[in-house]
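Given next are the chains, with one letter for each unit.
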Amino acid sequence: MSSGPGADADADAIRNKRLARLQAFHPPPAPVETPQESSSMPQASNVSSEASKPQHRPESRLLSSAATPSRSPEISANLKQAASPAPREPKLSPTTPVKPQTPTDGLSPQEAWEDQKLGQIFKVALRPNPRAIASRYMILESLRKDLEDEMPQGENPGKVARLSVDMLDQLILSICGEKGIVPMDHLIGSWRRAMDIQRKTPASRLDAQKIEILKEARRMCVNYVVCCITVPDMFGGTQPSVRLDQRLLTDPEDDRGLPQEVLLELLNKLNEEPDLVDKFKQAFRMLSATLGTMHMSDNYKPYINALGRIAHLKPLAGIFVNLPEFLSDAEPQDLEKAMLLGPFFRISPVQVDVSRQYFSNAKAKSGVVIRDATNALRMASKALQEELAQIVTALCRTSDQVRSRVLEFFAKAINANKKRVAINVDHTTVASDGFMINMTAVLSRLCEPFMDASFSKIDRIDVNYFRRNPKLDIGDETKLNADDQSSKEFYSQTVEGTNSFITEIFFLTAAAYYYGLGATESEHELISKDIPELERHLERIEEDRQKYIGTPALIILDRNIAKIKGRLDGAIAHRYALEVVLFDTTVQAAALLFMRYQMVWLLRLVDSTHQYPRKILTLPLPDPPSKEFSHLPEYMVESVGNIISFVSIYTQEALISSQLSDLLVFAITFLRSSKYIQKATLKSKLVEIIYWGTLPGRSGNGYLGELVHGNPFVLQHLMHALMNFYIEIEKHYYEKFTVRFHISKIIQLIWPNKDYRDKLEQESDHNLDFFVRFVALLLNDVTYVLDNALTALATIRRLQDELEIGEAALTPDEKAEKEKALAKAERDAQSYMQLGNETVIMVNLFTSAIGDSFVQPEIVSRLAGMLDYNLEALAGPKCENLRVRDPKKYKFDPRALLVDIASIYINLCHKKPFIEAIARDGRSYKPEIFVRALGFLKRYHLKSDEDMAALEKLARKVKEIKKREDEEEMELGDVPEEFTDPLMATLMEDPVILPVSGARVDRQTIKAHLLSDATDPFNRSPLKIEDVIPDVELKAKIDAWVEGRRAAVRAEKAAATEPVGDQMDVDED
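From a predicted model like this one, the values you see are computed outputs, not experimental measurements. (Residues numbered from 1 in each chain as written. Predicted model: local features only at pLDDT ≥ 70, side-chain atom pairs only at ≥ 80, totals over all residues. Heavy atoms only, no water.)

Quick word on the overall build of the protein chain
Along the protein chain, the regular secondary structure elements total 42 helices and five strands. In the protein chain, which comprises 1069 residues, the share counted as buried stands at 50%. Entry remark: accessible area of the protein chain is about 50,700 Å², with carbon and sulfur atoms responsible for 51%. (Helix = DSSP H or I, 4+ residues; strand = E, 2+ residues; numbered from the N terminus. Buried < 20%, exposed > 50% of the residue type's maximum accessible area, 1.4 Å probe, protein only. Areas by Shrake-Rupley, 256 points an atom, 1.4 Å probe, with all protein chains shown as cover.)

Next comes the structure, spelled out in structure tokens:
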């Protein structure tokens, strides 16, 4: 390079050269070629005719604003300097000798250290030397020439050009403009090397000036990193754009990663670099969108790590949650991809691709393979949920505004997916199970800090949450004890203030468990029922395939078989995938922890002192319930029943004793004070939980066994609570038999405990009306279910005979129809017989303990009629119709049932009302049936001699009373219609008038009716026994008529016993 004779000429030349270097990164459309400077250097870009015009460049603003006050004027002035491109690898001319550089080249030790360390940092040298060549440094001869040209003439003639912080702009621009160099990678690598030098060099060898040199090198690297991100074409049009999302995905320690310190430096520049903010926004969108296409089998972990880095940095967290996409509006099924956080929660073992990959063709896989796949996926799922919980926690700690946005994300997802709990939901219209389960798990983790064992923070959960601008929408939710109109009026009265974080997260978690984990457990239950149905359907079709061989229909049939097999395989795979999560004891333990807290909060709310669990509850609860409790959504109770019931069946090992005590108190409280909850199905789940908890199992008496037999509150209230709900469920036909089966089993299991028998006796003594109503419904059930069970067994016997004996004469359609009828009869027999057996056992237990209560006028006739009817069915002439193949399949053991019925007869054989009631049973009592039954019992040694003697004595007494009452009935003759009970067609003894219909019936008849139906039998209007009006006039007429008939009969008998002679004498007179 030639220079002018004076200093001004030198300065102008240097300035023009710098402008040319900078302009070289934006070549004009028609460049003018120039000769090469050296045969060893690549061809340089030419300068356009407009090179002298001022250029507006974002990086200039960034670098200028980032300059520190301590920098020398030369450094600040050099912020816009550039160097011409130089080769990455040393390219030595054959004529150029290698001259090693030494500190004696006019450099002081400090300058030599600076030159050496900057060379190490940037992996460059200004001239070839053995160390540079060995380390494969870039040799920047062009930059050296520029530096030599800039050196003042005549000063320090022995001093050579060197690397210094004053020329870092030129150095970096020269490096990054080189072909084959990725500027971002080189700058990050240089930053790391600068950091390593400072960390690894002993403090004694680093003075303040050296430390400043290293800091300045790192600072300049970061400044140009910003340029790489915001102005991707700064170093030439061929450089690729920097993908921040890819940098965040890469491990910070990786060469292409983004060290945490560099990221922090970038964040410090956000306020002055709006373009950098936009790049981060673009990166966040790319991370979310890409992850939205992935599943658990893909490499999703880097995306979770990237989100973790974002969440722990306040500026990035703020940018992330305030993007419009963070709370995108979309259809429920699309939210998990549309919302920015959605894809991170979507990763799950339940994803279709994952279930197919791990569990397809599961029937052909060994148990070990299935178990290994389950364990692997379960570990991955737990790790993901843990990381997501940490990320959300970090976001919530960032600021109130960020926390609010995060809670809105959860609320938006929950509010949009309420259809998940609908019957026969279309799963393509709601969010996936995995997405909702992960949300539930994370919310549950957020609750853990305030869910301490002493419930010290439970009072901070405000029941007025839903009246204070809640994020959750419960407008369409069914309330615990209020109708829609009442609910609208209640919630229209808003409450001032703001909801605390604890309140927000508690109610969000409660809703998430209902619509998330609870809905998924329901899905598992449904698919577990569907799989056997599909298998049976497939089996039937494959059996019929032989009929279509050689016909065109075979192709269609085979296609259908393939479809069914595909559906079946998919269903089995999906069930296994669901069980990866649902059978995870960690997931269920977290659910139980929250359910316990939710139960205690509800109990505390209904407790008149609001002190539970510090003070035990007093039952019954105050009536009526508070408005705050009544207007809570039903799912606050329903999710407790559903989730704990699921755990009771599948993962009992997750249950711990501290939770079980509160569970029993919760169940008993709302079964005992049943008016607090309207819907019977919610309370039926509580009965089911107690049932599963008392069933004998691996833990002896069941996981509730010790509490049931040792907790004073339970001993005091359980029996009454069960009997109360037994009565209440009467109105719910489709549920009552299952509920009553559970109650019957519970009572049988607790019966050995004398405390419970004493409580039952107290109920019969001090609450007689309540007890009699319970017994009446119990007898109704026995009558109904045994009748249906025995009828179904007779049908089974008939159809079995028809299918076996007359199969050859049946057409295919007739055979199919009979097989269908047989299947229905078998289902009926199984369900009815099972409940019938348990109910008969319970009647046997009760009559053995409190027989007097069963001979009350309202129920004794019903009891006698039920026993006589079933005794005839089991021992009468038609008992042969019950001889079915494989009776155990239908839970039918005729001998055991006969023994239980005989035991009930024996329990009451000394009660005169019972004996009379048997004798008056005109429908089923027959002396010969007793004889046949006694014969069976004796033949098969089913009863002891003592019991047999008691039964024989009872049979004689009944026969005698029957004979006497038949004679009395003959004496009365035909009863006038006005004296006849319209319901029972018997003579009324205590007639009463029904107030609304005006009908006249016997008092005992209407009392018996009201035990099971609290309405007027003639017009269905509500009726209580206290409302009936004694018909004194009619009773007097009946009594007079009866007395008149009996007087006439006595007179006739007296006349018949007078001597014949006397009568003749009278006649003669």
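Notes on the sheet that holds strand β5 (residues 1029-1030)
Spatially, the three strands line up as an open sheet ordered β4-β3-β5, and their pairing is antiparallel. Of all the strands in the sheet, the pair left with one neighbour each is β4 (1000-1002) and β5. Sheet analysis places strand β3 (residues 991-993) next to β4, joined by three bridges and oriented antiparallel. Note that in β4 the partner of Val 992 across the bridge is Val 1001. Helix-sheet contacts for helix α40 (residues 1003-1010) involve β3, β4 and β5, and the interaxial angle to β4 is about 85 degrees. (Pairing = 2+ DSSP bridges. Contact = heavy atoms within 4.5 Å. Axes fitted to C-alpha atoms, helices over the stretch in contact; angles between N-to-C directions.)

As for the confidence of the model for the protein chain
For the protein chain, the mean per-residue pLDDT works out to 86, and 88% of the residues sit at or above 70. Considering only residues more than four positions removed or in separate chains, one finds that residues 1063-1069, a stretch of pLDDT under 50, has two contacts. (pLDDT = per-residue confidence, 0-100.)

Quick look at the pattern of salt bridges
All chains considered together, the criterion is met by 59 salt bridges. Salt-bridge contacts for Arg 199 lead to Glu 261; the nearest nitrogen and oxygen are separated by 3.2 Å. In this pair, Arg 199 is assigned in helix α8 (residues 183-200) and Glu 261 in helix α11 (residues 260-268), connecting sequence segments 62 residues apart. A relative accessible area of 55% places Arg 199 in the exposed class. Among the charged side chains, a salt-bridge network with shared partners connects Glu 730, Lys 736, Arg 740 and Asp 781. (Salt bridge = Lys/Arg side-chain N within 4 Å of Asp/Glu carboxyl O.)

Observations concerning a negative patch on the surface
Together, Asp 473, Asp 476, Asp 483, Asp 484 and Glu 489 make up a negatively charged patch on the protein surface. With respect to the helices and strands, Asp 476 occurs in the loop between α20 (433-447) and α21 (484-492). For Asp 476, a relative accessible area of 75% puts it in the exposed group. (Patch = residues over 30% accessible without salt bridge, like charges linked within 9 Å, V, L, I, M, F, W, Y side chains within 5 Å. Lys, Arg positive; Asp, Glu negative; His and termini not counted. Charge placed at Lys NZ, Arg CZ, Asp CG, Glu CD.)

What about the packing of aromatic side chains?
Here the structure, examined in full by the defined rule, presents 47 aromatic pairs. Taken together, a centroid distance of 4.8 Å and an interplanar angle of 5 degrees make the contact between Tyr 465 and Phe 507 stacked. Separated by 42 residues along the polypeptide, Tyr 465 in the loop between α20 and α21 and Phe 507 in helix α22 (residues 501-544) bring together distant segments of the chain. Neither residue differs from the other here; Tyr 465 and Phe 507 are each classed as buried. Taken together through their ring pairs, the aromatic side chains of Tyr 465, Phe 466, Phe 490, Tyr 491, Phe 506, Phe 507, Tyr 513, Phe 594 and Trp 601 make up a single cluster. (Phe/Tyr/Trp six-rings, centres within 6.5 Å; stacked < 30°, edge-to-face > 60°.)

Overview of helix α37 (residues 912-919)
Among the eight residues of α37, six are classified as buried, and the element is accordingly described as predominantly covered. All of the buried residues in α37 are Phe 914, Ile 915, Glu 916, Ala 917, Ile 918 and Ala 919. The secondary structure elements touched by the buried residues of α37 are α35 (857-875), α36 (894-907), α38 (927-939) and α39 (945-972).

Side note on the nonpolar core
In terms of nonpolar packing, the biggest core is built from 307 residues, with Phe 122, Phe 284, Phe 345, Trp 601 and Phe 914 touching the most fellow members. For this core, the leading source of residues is helix α33 (residues 768-805), giving 19 residues. Ignoring anything within four residues of it in the chain, the contact list for Phe 122 reads Leu 168, Leu 171, Ile 172, Ile 175, His 186, Ser 190, Arg 193, Ala 217 and Cys 221. Residues Leu 994, Ala 999, Val 1001 and Val 1028 belong to the second largest nonpolar core, which totals eight residues. (Core = buried A, V, L, I, M, F, W, Y, C linked by side-chain atoms within 4.5 Å.)

Thoughts on the environment of Phe 914
Along the polypeptide, Phe 914 turns up in helix α37. For Phe 914, a relative accessible area of 0% puts it in the buried group. Taking C-alpha positions, Phe 914 is 9.4 Å from Pro 857, a pair spaced 57 residues apart along the chain. Residues in contact with Phe 914, not counting those within four places in the same chain, are Val 855, Val 860, Leu 863, Ala 864, Leu 867, Tyr 905, Leu 908 and Leu 954.

Quick notes on the packing of helix α32 (residues 754-766) against α33
Viewed as axis vectors pointing N to C, α32 and α33 meet at an angle of 110 degrees, and their least axial separation amounts to 5 Å. The pairing of α32 with α33 is recorded here as roughly perpendicular in orientation. Each of Leu 760, Glu 763, Ser 764 and His 766 in α32 lies in contact with α33, whose residues at this interface are Leu 768, Phe 770 and Phe 771. Its residues assigned to classes, the contact of α32 with α33 shows four nonpolar, two polar and one charged. (Parallel < 35°, antiparallel > 145°, perpendicular 65-115°, else oblique. Nonpolar A, V, L, I, M, F, W, Y, C, P; charged D, E, K, R; others polar.)

As for helix α27 (residues 657-672)
In this model α27 runs 23 Å from its N-terminal to its C-terminal C-alpha over 16 residues, within 8% of the 22 Å that 1.5 Å per residue would give. Within α27 the residues assigned to the buried category are Gln 659, Leu 660, Asp 662, Leu 663, Leu 664, Val 665, Phe 666, Ala 667, Ile 668, Thr 669, Phe 670 and Leu 671. Those residues of α27 hidden inside the fold are in contact with α24 (585-606), α25 (627-630), α26 (635-650), α28 (680-694), α29 (705-710) and α30 (712-728). (Expected span 1.5 Å × (residues − 1).)

Some words on the side chain of Glu 688
For Glu 688, the location among the structural elements is in helix α28. The exposure class of Glu 688 is buried, given its relative accessible area of 15%.

Notes on the state of the cysteines
The full count for this structure, using the stated rule, is zero disulfides. Among the cysteines around Cys 228, which has no disulfide bond, Cys 176 carries the closest sulfur, lying 5.6 Å off. Cys 228 gets classed as buried once you look at its relative accessible area, which sits at 4%. (Disulfide = S-S within 2.5 Å.)

Here's the deal with a nonpolar patch on the surface
A contiguous nonpolar surface patch, about 380 Å² in accessible area, is contributed by Tyr 733, Tyr 734 and Tyr 784. Relative to the elements of secondary structure, Tyr 784 occurs in helix α33. In this structure Tyr 784 comes out as partly exposed when scored by relative accessible area, which is 31%.

Side note on unusual backbone geometry
Between Tyr 612 and the following residue, Pro 613, the backbone shows a cis peptide bond with an omega angle of 10 degrees. Along the chain, the position of Pro 613 falls in the loop between α24 and α25. The step from Leu 619 to Pro 620 runs through a cis peptide bond, and the omega angle for that step is 0 degrees. Structurally, Pro 620 can be placed in the loop between α24 and α25. Its identity as a non-glycine residue notwithstanding, Phe 455 has a phi of 55 degrees, on the positive side. Among the structural elements, Phe 455 can be located in the loop between α20 and α21.

Looking at the packing of α24 against α26
Following both chains from N to C, one finds α24 and α26 inclined at 140 degrees, their axes separated by 10 Å at the closest point. Between α24 and α26 lies a crossing whose hand is left-handed. On the side of α24, the interface is formed by Gln 588, Ala 591, Leu 592, Met 595, Gln 598, Met 599, Trp 601 and Leu 602, while α26 contributes Tyr 635, Met 636, Val 637, Ser 639, Val 640, Ile 643, Ile 644, Phe 646 and Val 647. Class assignment of the residues belonging to the contact of α24 with α26 gives a composition of 14 nonpolar, three polar and no charged. (Left-handed = near helix turned anticlockwise from the far one by under 90°.)

Details of the environment of Lys 1037
Within the fold, Lys 1037 resides in helix α41 (residues 1032-1057). Distance in space between the C-alpha atoms of Lys 1037 and Phe 979 is 8.5 Å, their sequence separation being 58 residues.

Quick look at the environment of Ile 211
With respect to the helices, strands and loops of the structure, Ile 211 is situated in helix α9 (residues 208-230). With a relative accessible area of 25%, Ile 211 lands in the partly exposed category. When the C-alpha atoms of Ile 211 and Ile 197 are compared, they prove to be 9.8 Å apart, with 14 residues separating the residues in sequence. Every residue in contact with Ile 211, bar those within four places of it in the chain, is listed here: Gln 198 and Leu 206.

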